[in-house]
Amino acid sequence: MIHRRDFLKFAATLAAVFGLDALPEPVLAALKKIDPEAVPKLIYLQGLSCTGCSISLLQAVAPSPLTMITKYSQLVFHADLSAISGAKALDLVDKYLSGQAGEYFLAVEGAIPEAMPEACYLGDKPFAHYLEQAAKTMSGAIAVGACACDGGIPAAEGNPTGAIGLKEFYRKRNLTGKLVINVRGCSVHPDWVWYTIINLVKIGAPELVNDAPKLFFSRKVHESCPRYHDFQEEIFAKKLGDRGCLFKLGCQGPDTYADCPTRWWNGGRTWCIDSNAPCIGCASPSFARRKDFPFYRIGEVNK
Amino acid sequence: MKVDLGPITRIEGHLNVRTTIDNGVVTEAQCMSEMFRGFEIFLKGRDPLDAQQITQRICGVCPYAHAIASSYAQENAYKIQAPANGRILHNLIQGANHLYDYLLHFYQLSALDFVDVTAILKYTGKDEELLAVKQWVQAELSRKKAFPAAPFLPRLSGQYINDPELNIGALKHYLEAMTMERKANQAAAIFGGKFPHSTAIFPGGCTQEARIDLIAAYQALIREVRDFIRDKYIPDVVAVAGLFPEYWKIGVSRGGFMSYGLLPMTPDPQGKQLFAAGALLDGQVTPVDFGQITQDVKYARYSSASGRTVRDSEITPAAGKEGAYTWSKAPRYGGKMMEVGPAARVLVDYHQGNNPDLKALVDKCAGQAQITPQELNSVLGRHLCRALQAAVIADFLLAETERLDPGAPTMAELAIPESGEGFGATEASRGALLHYLKIEKGKIAKYECVVPTTWNASPRDDQGQPGAMESALIGTKVATPEEQIESVRVVHSFDPCIACAVH
């Protein structure tokens, strides 16, 4: 008889190779039936990061962050919340990553300094070491935020560390057997991560588009923008602080997949464009990458 | 014996502290910041207006402080000033961020150093939230799990609070504080666009309008947070201080103090501020001169020249540099080691008699605790200074909302010059934050950030003077050298942020 754990690994491998849609129905169904008692243990590790995604996760409203880490998942280790530190903390992480403490999901915030391993250390080992170890033992991984998905700000043009995202790191190491879900954004919206975890617990692996949960990343910001009407009527903001469509100030909504216009931020009270601030494309894989592609085009409006 | 305390948790980022212990006392400490991204390198050649966005990503805990410092620097370089509304909105956004950050620091990052979480098992009350936590902990402990009740257990060995009622009260406040932090951030994001990483803060003001509906929502949220600060946060800090009075004498840094001042009360950010700027050395406060700041790199992983001023700064990473033990540079003021942060902010302001409300609060609390203001340079002093500032800032923010002129402009018009330079200085929650920007051919030619934890987690300088946190650790008595909860409490009192320190 095949063990459930092996089966999940197998199914995840299939999913990674063929895409979830290609899985046979019975396999997909089994993948969806995760025992609610056995909530996924989360090992949350940070690489080249600013902790903004972790802080964003604490801004969740419903369910609360505490409910998320006790009921829907168990946050076994997180550098910002864990009581334990030092050698004992490393021991805890090692017990999981070496496969001795049972199944777990890896959550990664931050990029990996591929060209400069010394640029990120945890204990006496480079960050990359832990990711290599986890690739063999984890059930799957969630890349939390722009840096973990695609390199983000640390991977901006001219960076000295050779920063890359988790999927690319695993691709370079030929460690591609496990499901890696990309949740983009700088920072992530807390709903995007927490609801992905609830999806994992209640249904199974979420449907992905461009490696990211389709539920949140299938439409462009521009498509659902409340100012789309302004765009059609050619009512454009001419300077920062103006109302109207922000396209001519550099808004990257037409090129960014995210549900910000319908979800809004910080408890649904606000979001960038409602505050007359152009979308800077923080959920785009190429966020902040090029020097010759600035966030704003304020000088071009009247040309 | 040598003991590594890292990875130190409940801080931002990748910090190890290498301690030397002789007869149960820390005799040497090295702060080792272990994450480097190279912001100053990849900012070069970018559009100047990218800077307040990119530099916010230095730190997702205090991004707004970086947005403000960058905006001030750009305003100086562009020779513009925010309209009155714009400056007030900057303050409302940044001030609310301070409130959240102080609560996060005391409850989520520090409380578990003192509070006994297992006391929840003795809870007999009817509070639903606490009962849910109790049931969860019970269920966790009854299962045969590798690490039950993580991330709250396991923990370092040491003396925790004994009184079950105090413990349970603190745990309740731990949970409530998370809601209050969210509300403070919601308030900030009303004008900032979103939190973390605001998109609405710009040099010259804020793109969000000063609308009456937004103002009312902001006020309601901040009032709730202010009440929590007064009724729960300050009393909790005082209660911990009452049970651990030895920590008024532990964690004393051995240099000067510096603050750049926080929350300008005029459109000119260099005008009068809620908390005053100054450098405090040997009991004397002098105005801050950015030209006195240099950064040594003898023990940092850079091959570029040591001792450079901010305007002439250089950065060339040298990952394998012999003798270097950290990615953080060693900033010095006129060659002197300085502590920055909450205690520095209070001491610098107190010595100048700038803010009467802050002085009254300090005198009252110091009197109750039977300490002198000088003893605010300690583990408990830093905690108390945060709480007192939170109260003063919350009142100021509410008063500030009344000074907004609804409908009047919130943004100055921007034009980026072909060349220019500017300093931008403010106080992040963790202390003195300086950005410097030089523009050539319309692009960033140089960008330099000297960040609070660059000061506090500084390694030894070229003369061998330890950094503020290193000096505060030396002399600490530890009961269990392998774990050192006492040293961890010292480190936590500084609220280090390594993403900031190195960037």
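Since the model is a prediction, treat every value here as computed from it, not as a measurement.

Chemist: Give a description of the overall build of chain A that names residues and reports values.
Modeler: In terms of regular secondary structure, chain A is built from twelve helices and eleven strands. Counting all 303 residues of chain A, 56% fall into the buried class. In chain A, once contacts between residues fewer than 6 apart in sequence are set aside, the share between residues at least 24 apart is 74%.

Chemist: I'd like a description of the environment of B:K232, backed by residues and values.
Modeler: As for its position among the elements, B:K232 is in helix α7 (residues 212-243). Linking B:K232 and B:E140, residues 92 residues apart in sequence, is a C-alpha distance of 29 Å.

Chemist: Provide a residue-level description of the domain arrangement of chain A, including the pertinent values.
Modeler: All names here are of chain A. What the domain assignment lists for chain A is domain 1 (4-215) and domain 2 (219-303). Tallying the contact residues gives 16 residues for domain 1 and 13 residues for domain 2. At three residues, the largest contribution of residues to the side of domain 1 that touches domain 2 is made by helix α7 (residues 146-150). Looking at the side of domain 1 that touches domain 2, its residues break down into seven nonpolar, five polar and four charged.

Chemist: Mind laying out unusual backbone geometry, listing which residues take part and the relevant values?
Modeler: Following B:L153, the chain continues to B:P154 via a peptide bond in cis, the omega torsion being -10°. A cis amide bond, omega -5°, links B:F195 with the succeeding residue B:P196. On the secondary structure map, B:P196 appears in the loop between α6 (164-192) and β4 (201-202). Look at A:W264: it is not a glycine, yet its phi comes out positive at around 60°. Tracing the backbone shows A:W264 in the segment after α12 (260-263). Backbone geometry places B:N23, a non-glycine residue, at a positive phi of 50°. By the secondary structure assignment, B:N23 is in the loop between β2 (15-22) and β3 (25-33).

Chemist: Summarise the nonpolar core; cite the residues concerned and give the values.
Modeler: Ranked by internal contacts, the top residues of the largest apolar core, which has 277 residues, are A:A143 and B:L434. When residues are assigned to domains, this core turns out to be shared by domain 1 (4-215) and domain 2 (219-303) of chain A, each giving three or more. Ignoring any residue separated from it by four or fewer positions in sequence, one finds A:A143 in contact with A:V108, A:A148, A:C149, A:G165, A:L166, A:K167, A:V180, A:I181, A:N182 and A:V183.

How each quantity is defined
- Residues numbered from 1 in each chain as written.
- Chains lettered and ligands numbered in written order.
- Predicted model: local features only at pLDDT ≥ 70, side-chain atom pairs only at ≥ 80, totals over all residues.
- Helix = DSSP H or I, 4+ residues; strand = E, 2+ residues; numbered from the N terminus.
- Buried ≥ 20, exposed ≤ 12 C-beta atoms within 10 Å, placed from the backbone.
- Contact = placed C-beta atoms within 7 Å.
- Domains from an automatic or database assignment.
- Nonpolar A, V, L, I, M, F, W, Y, C, P; charged D, E, K, R; others polar.
- Core = buried A, V, L, I, M, F, W, Y, C linked by C-beta atoms within 7 Å.

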